[in-house]
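Chain residues, written in single-letter form:
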Amino acid sequence: MKINLDTRMRRHGASLIQQVGLRTFFVRISVLLVCGYMAPASAAYTLPEMIDTAMQYNPALGIAAARRDAAQAAVTTASTYSNPQVEAVMGPSRYLTPGGQGDNRNWNVGLSQPLDYPWVRDARIAAAESGTKVADAGTELIRIELRSRVKNAFYDVLQRKAVLKLVEGDRNLLQQIRERVKLRVEVGEAPRYELIKADTEALAAERDYQAALVRISEGKAYLRGLLGSSIPLDYDVEGELPMGYGLPSLDKLRDQVVQSPQLSQLRAETETAEAKLKLEERLRNPGLTLKASVEEDPDLRQMRFGVAIPLPLWDRRQGPIAAASADVRQSQASLHDRELGLRRDMEAAYQRYLIAQQQLAAFENGLLSQAESVLKVAEAAYRYGERGILEYMDAQRTFRVVRKDYLAAKFDYVSSMLEIERLLGTELLEVKP
């Protein structure tokens, strides 16, 4: 009886321990679930928020602002007059004739003030002010480039998320198909190679899913880099591709090329080079120096007033003038070359836009529905045993490729418009708050 009683007690104690352990386990699981539910989700940002953040924290705009301040400081320097110069000299005096008497000291105090000619001063100020125009045009160009890059990166992340959703659905579907094929193989209704084929397709879908995750991380990292790392590492984006917009005719876009901020900056640089050439030409006769002095000897005090004018006899500034003239020709050639390049790039982007537009029309007017119909027919034939797993897998793969190409065509459509928007410096895809 003691043995049976002890055995019952030990069993009862073990049962209590198991109950306590299970309760502890479930309590811990409950705490983890509650904590996971209460944990803050990753912040989601819209495109206007991304653009505003980039305009505040991107370092490129800080660099542009510093250049603008430096250019404004150059204007202050060009407008400043030269400082006067004071000269004081004294020393002992010794008479050369006998009988000289008096104080044996002499001294001289002189004042000189360099002055620019008005036309030289105006040319110097004009050259400095043209530098501020270059800085302003550069700042505006950086803003436009940054805005375009943020929009393109934002839409790229949205497109990659759409691809992830697509491949995730394919992965889940192929896993279900693989389980059904495995069951059929185990009961002897299908040959072994069908399971091998299903395993291969499932592994390929898993690979595509993991690759899509990595591509989203890459796109987010690039987008975050444009914002100056002012947003958390774990963030998300919300929005959709602006498919409701289109482009005007190619002729209208050609007319807008001359208004591109890139050409505006080059025009400002050309004006600066021309202003510097004019300054170098006028510096042949830079100005004059007014002088005044008082000199006192032991027996004589003298006051002098004069003007010192440099004579351009040997140095006529041929070297600086030739260099400035070459800079003008280089700026003009760069302006013409960039205008040709903008027209070429804009027309190439417009052709990509037309191709993407045609592809979207082909997808939406029948290609997607046809691929889906083929898949449904193949699936029905497979379910009723009229087709094998290979035909169904091929139809599934074809439908998957068509949907991926459709997503790629949508992004190419938006990306080509963003490229033209960047080249022209105008907002073709409106950002709605």
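See the structure shown above.
The present account deals with the structure reproduced in this document. (Residues numbered from 1 in each chain as written. Predicted model: local features only at pLDDT ≥ 70, side-chain atom pairs only at ≥ 80, totals over all residues. Heavy atoms only, no water.)

## Remarks on the overall build of the protein chain
Across its full length, the protein chain carries nine helices and six strands. Sorting the 433 residues of the protein chain into buried and exposed places 33% on the buried side. Across the protein chain, every contact between residues at least 6 apart in sequence was considered, and the portion connecting residues at least 24 apart equals 82%. Accessible surface for the protein chain amounts to roughly 26,800 Å². Of this, 56% is attributable to carbon and sulfur atoms. (Helix = DSSP H or I, 4+ residues; strand = E, 2+ residues; numbered from the N terminus. Buried < 20%, exposed > 50% of the residue type's maximum accessible area, 1.4 Å probe, protein only. Contact = heavy atoms within 4.5 Å. Areas by Shrake-Rupley, 256 points an atom, 1.4 Å probe, with all protein chains shown as cover.)

## Quick look at the pattern of salt bridges
The tally for this structure, following the rule as stated, stands at 27 salt bridges. Where R317 meets E280, a salt bridge forms, and the shortest distance between an N and an O atom there is 2.5 Å. Taken as a pair, R317 in the loop between β6 (301–308) and α8 (318–383) and E280 in helix α7 (residues 261–282) lie far apart in primary sequence, 37 residues in all. Owing to a relative accessible area of 21%, R317 belongs among the partly exposed residues under this scheme. E280 sits in the buried class, given a relative accessible area of 18%. Taking the shortest distance from any N to any O, the salt bridge between K376 and E372 comes out at 3.7 Å. Pair noted here: K376 and E372 are both in helix α8, with a separation of four residues, about one helical turn. Among the residues examined, E372 registers a relative accessible area of 34% and is labelled partly exposed. Connected through salt bridges with shared partners, the residues K197, E201, R397 and R400 form a single ionic network. (Salt bridge = Lys/Arg side-chain N within 4 Å of Asp/Glu carboxyl O.)

## Here's the deal with the pairing of strand β3 (residues 105–116)
In the sheet, strand β2 (residues 85–92) pairs with β3 via eight bridges, with the strands oriented antiparallel. Bridging from a neighbouring strand, P92 pairs with R105 of β3. One ladder, built from ten bridges, connects β3 with strand β5 (residues 287–296); its direction is antiparallel. Among the inter-strand pairings, G110 is bridged to a residue of β5, identified as S293. (Pairing = 2+ DSSP bridges.)

## Re the packing of helix α4 (residues 118–186) against helix α5 (residues 192–226)
Put simply, α4 and α5 touch, their axes get as near as 8 Å, and they point 160° apart. Taken together, the axes of α4 and α5 are roughly antiparallel relative to one another. Viewed along their axes, α4 and α5 form a crossing whose handedness is left-handed. For the contact of α4 with α5, the class distribution of residues is 21 nonpolar, two polar and 17 charged. (Axes fitted to C-alpha atoms, helices over the stretch in contact; angles between N-to-C directions. Parallel < 35°, antiparallel > 145°, perpendicular 65-115°, else oblique. Left-handed = near helix turned anticlockwise from the far one by under 90°. Nonpolar A, V, L, I, M, F, W, Y, C, P; charged D, E, K, R; others polar.)

## Focus: the packing of α4 against α7
For the pair α4 and α7, interaxial distance at closest approach is 8 Å and the crossing angle is 165°. Between α4 and α7, the angle is such that the two are roughly antiparallel. The hand of the α4/α7 crossing is left-handed. Split by residue class, the contact of α4 with α7 holds 13 nonpolar, seven polar and seven charged.

## Topic: the sheet that holds β5
The sheet built from four strands is open, its strands ordered β2-β3-β5-β6 with antiparallel pairing. The sheet terminates laterally at β2 and β6, the two strands that pair on one side only. Across the sheet, the mean angle separating the axes of adjacent strands is 15° when strand polarity is ignored. Examined bridge by bridge, β5 and β6 share eight bridges and lie antiparallel to one another. Residue pairing for β6: E295 is matched across the bridge by Q302.

## Here we look at the environment of I144
Mapped onto the secondary structure, I144 falls in helix α4. For I144, the residues in contact, after removing those within four places along its chain, are P261, R422 and G425.

## Topic: a nonpolar patch on the surface
A cluster of nonpolar side chains, contributed by L115, L290, V307, I309, L311, L313 and W314, occupies part of the molecular surface with about 800 Å² of accessible area. Looking at the secondary structure, you find L311 in the loop between β6 and α8. (Patch = residues over 30% accessible without salt bridge, like charges linked within 9 Å, V, L, I, M, F, W, Y side chains within 5 Å.)

## A short note on helix α3 (residues 59–79)
The end-to-end C-alpha distance of α3 is 31 Å, a good match for the 30 Å that 21 residues give at a rise of 1.5 Å each. Those residues of α3 lying buried are L61, A64, A71, V75 and A78. The arc that holds the buried residues of α3, viewed along the axis, is 95°, so those residues lie on one side. Away from its buried face, by an angle of more than 90 degrees, α3 presents the exposed residues P59, D69 and T77. One side-chain oxygen at the N-terminal end of α3 lies 2.9 Å from the backbone nitrogen of A60; it belongs to N58. (Expected span 1.5 Å × (residues − 1). Arc of directions from axis to C-beta. Polar contact = N/O pair within 3.5 Å; in protein donor to acceptor, adjacent residues only side chain to side chain.)

## Some words on the packing of aromatic side chains
Within the structure shown, the criterion is met by six aromatic pairs. The interplanar angle of 15° and the centroid separation of 4.8 Å between the aromatic rings of Y117 and W119 together place this pair among those described as stacked. Relative to Y406, the ring of F363 lies with its centre 5.7 Å away and its plane at 65°, an arrangement referred to as edge-to-face. Residue F363 is located in helix α8, and its partner Y406 is located in helix α9 (residues 389–424); the two are separated by 43 residues in the primary sequence. With respect to class, F363 is no different from Y406; both count as buried. Put simply, the rings of Y350, Y353 and Y413 pair up and form one aromatic cluster. R121 extends its terminal NZ or CZ atom over the ring of Y81, reaching a point 3.9 Å from the ring centre. Positioned over the ring face of Y209 is R171, at 3.9 Å from the centre of the ring. (Phe/Tyr/Trp six-rings, centres within 6.5 Å; stacked < 30°, edge-to-face > 60°. Lys NZ or Arg CZ within 6 Å of the ring centre and 35° of its normal.)

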